[in-house]
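Analysis of the macromolecular model
Next come the chains, spelled out residue by residue.
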Amino acid sequence: MTKRSLVTGGSGFIGSHLCERLLAQGHEVLCVDNFFTGRRANVEHLLDQKRFELLRHDITFPLYVEVDEIYNLACPASPIHYQFDPVQTTKTSVVGAINMLGLAKRLKIPVLQASTSEVYGDPTVHPQVEGYWGNVNPIGPRSCYDEGKRCAETLFFDYHRQHKMDIKVIRIFNTYGPRMHPNDGRVVSNFVVQALQGKDITIYGTGKQTRSFCFVDDLVEGMMKTMATKPGYTGPVNLGNPVEQTVGELANTVVRLVGSSSKVVYSDLPMDDPKQRKPDISKARAELNWEPRVPVEEGLKRTIAYFDDLLSRQSGQDTRGA
Ligand code: NAD
Ligand code: UDP
Ligand code: UDP
């Protein structure tokens, strides 16, 4: 029987890739999105497939539909967007989680939560293992996102313990690839767009802070492998690429791959910006038989090609600034 998958946040960056992969595997897909940061354009190529349905809906309101599994991705993910309306960000994570858990409880179906490495905050344990409880400021500018996601995890585990529900919690580390929003302020999209346009590459702080970047195709595979685990497998499980680099190194790589003349400029580091981040993926390797396969340079090349095409179409001319 065809499985019906609900993907909340399905027209966002990661969600659109997940919808695509689920359709390719024969699922019916109900994509629910309020289009806050997601775009119709991300799923437009799927609209003529009979097994795909797009519904404009805000998950902070109840949702009554009939599906077989839920991937809960709805939530703005970039600091400038989640800080734009922080109260709505917390509501999306917390009230949205309650609604999706209520839906899954009524239907007795598995529900997967897209949690985040931000639950570890500015980590003092490195690399981050799932058993680490984190170092999170509860009242800072990032808290709406971090604490919202932490509370969502709490709700998922309480519904599991209290209602015996089949929950799956994944902690996603920095993910990049085609269909990132060009203006959402994340480091990979910013650097790639700046390099393609010949503009200054904006490093916040010294550029010595580290991140570990996972290509979106690898992440989506990990998400689907998590959903395929037996009932009772809850996670939390880290999904990310353990190859750590400084933001300064990323800037150099992007400039080199684009062949850009951009120069690097430095500005203030945002408050509570984590100094280091790298996933320990031993659990994902052992329990899901998963690890990333796309090397960072390869993924960056595909991302650069996407933005090059997007910017050329937007301006109707070659966008390279070099
Ligand atoms: P994104 O902003 O591109 O996608 C989020 C989607 O959720 C958008 O389409 C947005 O319109 C939608 N949305 C937001 N609030 C909603 C609401 N109340 N109701 C319905 N839809 C709503 O971000 P993304 O990078 O694709 O992230 C997807 C998920 O993965 C998020 O939950 C994010 O927290 C998580 N995540 C992403 C990363 C990353 O590096 N990209 C890292 C950790 C966790
Ligand atoms: N809910 C939903 N769709 C459903 C079932 C429930 O959106 O198919 C929402 C409903 O708004 C409810 C929430 O999920 O407030 C939590 O449901 P639960 O059954 O846990 O709580 P209760 O209904 O008892 O408050
Ligand atoms: N960053 C940067 N320049 C930019 C955008 C981001 O130096 O134009 C830095 C940011 O301060 C952080 C890192 O890059 O240290 C990753 O930022 P992003 O917002 O992509 O993700 P997150 O901080 O949530 O991991």
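What this report covers is the structure whose coordinates are included nearby. (Residues numbered from 1 in each chain as written. Chains lettered and ligands numbered in written order. Predicted model: local features only at pLDDT ≥ 70, side-chain atom pairs only at ≥ 80, totals over all residues. Heavy atoms only, no water.)

Section: helix α5 (residues 187-197)
Counting buried residues along α5, nine of its 11 residues qualify, which places the element largely inside the surrounding structure. Looking at α5, one finds that the buried residues are V188, S189, N190, F191, V192, V193, Q194, A195 and L196. Of the residues one or two after α5, G198 is the one with positive phi, at around 70 degrees. (Buried < 20%, exposed > 50% of the residue type's maximum accessible area, 1.4 Å probe, protein only. Helix = DSSP H or I, 4+ residues; strand = E, 2+ residues; numbered from the N terminus.)

Observations regarding the sheet that holds strand β2 (residues 28-33)
One open sheet accounts for seven strands, arranged β3-β2-β1-β4-β5-β6-β11; its pairing is parallel. The strands lining the two open edges of the sheet, one partner per strand, are β3 (52-56) and β11 (237-239). Within this sheet the neighbouring strands show an average axis-to-axis angle of 20 degrees, counted without direction. Pairing of strand β1 (residues 4-8) with β2, which is carried by five bridges, proceeds in the parallel orientation. Following the sheet pairing, S5 is matched in β2 by V29. Sheet strands in contact with helix α1 (residues 13-24) are β1, β2, β3 and β4 (69-72), and its direction is about 170 degrees off that of β1. (Pairing = 2+ DSSP bridges. Axes fitted to C-alpha atoms, helices over the stretch in contact; angles between N-to-C directions. Contact = heavy atoms within 4.5 Å.)

A look at the pattern of salt bridges
Counted by the stated rule, this structure contains 22 salt bridges. A salt bridge links R179 to E20; the nearest nitrogen and oxygen atoms lie 2.6 Å apart. Taken as a pair, R179 in the loop between β7 (175-176) and α5 and E20 in helix α1 lie far apart in primary sequence, 159 residues in all. For E20, a relative accessible area of 27% gives the class partly exposed. One salt bridge in this structure joins R293 and E221, with 2.5 Å as the shortest N-O distance. Of the two residues, R293 is situated in the loop between α8 (282-288) and α9 (296-315) and E221 in helix α6 (residues 216-227); the sequence distance between them amounts to 72 residues. With a relative accessible area of 62%, R293 lands in the exposed category. One salt-bridge network, held together by shared partners, links E118, R142, R211, D273 and R277. (Salt bridge = Lys/Arg side-chain N within 4 Å of Asp/Glu carboxyl O.)

Regarding the site of ligand 3
Around ligand 3, a shell composed of 18 residues is seen, among which N190, T202, R211, D273 and R277 lie nearest. A distance of 2.9 Å separates an oxygen atom of ligand 3 from a polar side-chain atom of N174. Here a nitrogen atom of ligand 3 sits 2.6 Å away from a polar atom, N or O, in the main chain of T202. Compared with its free state, where it exposes 520 Å², ligand 3 has 95% of that area covered by protein. For the shell around ligand 3, the secondary-structure elements that each account for two or more residues are α5 and β8 (201-204). Looking at side-chain class alone, the shell around ligand 3 contains seven nonpolar, five polar and six charged residues. (Near = heavy atom within 4 Å. Polar contact = N/O pair within 3.5 Å; in protein donor to acceptor, adjacent residues only side chain to side chain. Areas by Shrake-Rupley, 256 points an atom, 1.4 Å probe, with all protein chains shown as cover. Nonpolar A, V, L, I, M, F, W, Y, C, P; charged D, E, K, R; others polar.)

Topic: the packing of aromatic side chains
Within this structure, the stated rule accounts for seven aromatic pairs. A connected cluster of aromatic rings, assembled from ring pairs, spans Y120, Y132 and F173. (Phe/Tyr/Trp six-rings, centres within 6.5 Å; stacked < 30°, edge-to-face > 60°.)

Quick word on the nonpolar core
Of all hydrophobic cores here, the largest spans 58 residues; its most connected members are L18, Y71 and M223. Beyond its immediate chain neighbours, meaning those up to four positions away, Y71 contacts L6, V7, T8, L18, L22, L112, M223, M224 and M227. (Core = buried A, V, L, I, M, F, W, Y, C linked by side-chain atoms within 4.5 Å.)

Let's talk about the site of ligand 1
Near ligand 1 there are 30 residues, and of these D33, T37, Y145, K149 and R186 occur at the shortest range. Between an oxygen atom of ligand 1 and a main-chain N or O atom of I14, the distance comes to 2.8 Å. Residue G38 places a main-chain N or O atom 2.9 Å away from an oxygen atom belonging to ligand 1. Here ligand 1 has 820 Å² of accessible area as a free molecule, and 96% of this is covered by the chains. Listed by contribution, the elements that provide at least two residues to the shell around ligand 1 are α1, α3 (86-107), β5 (111-116) and α4 (143-163). Counting residues per element, the shell around ligand 1 draws most heavily on β5, which supplies three residues. Residues belonging to the shell around ligand 1 are distributed by class as follows: 13 nonpolar, 13 polar and four charged.

Note that every value here comes from positions in space, so none of it alone points to a role or purpose.
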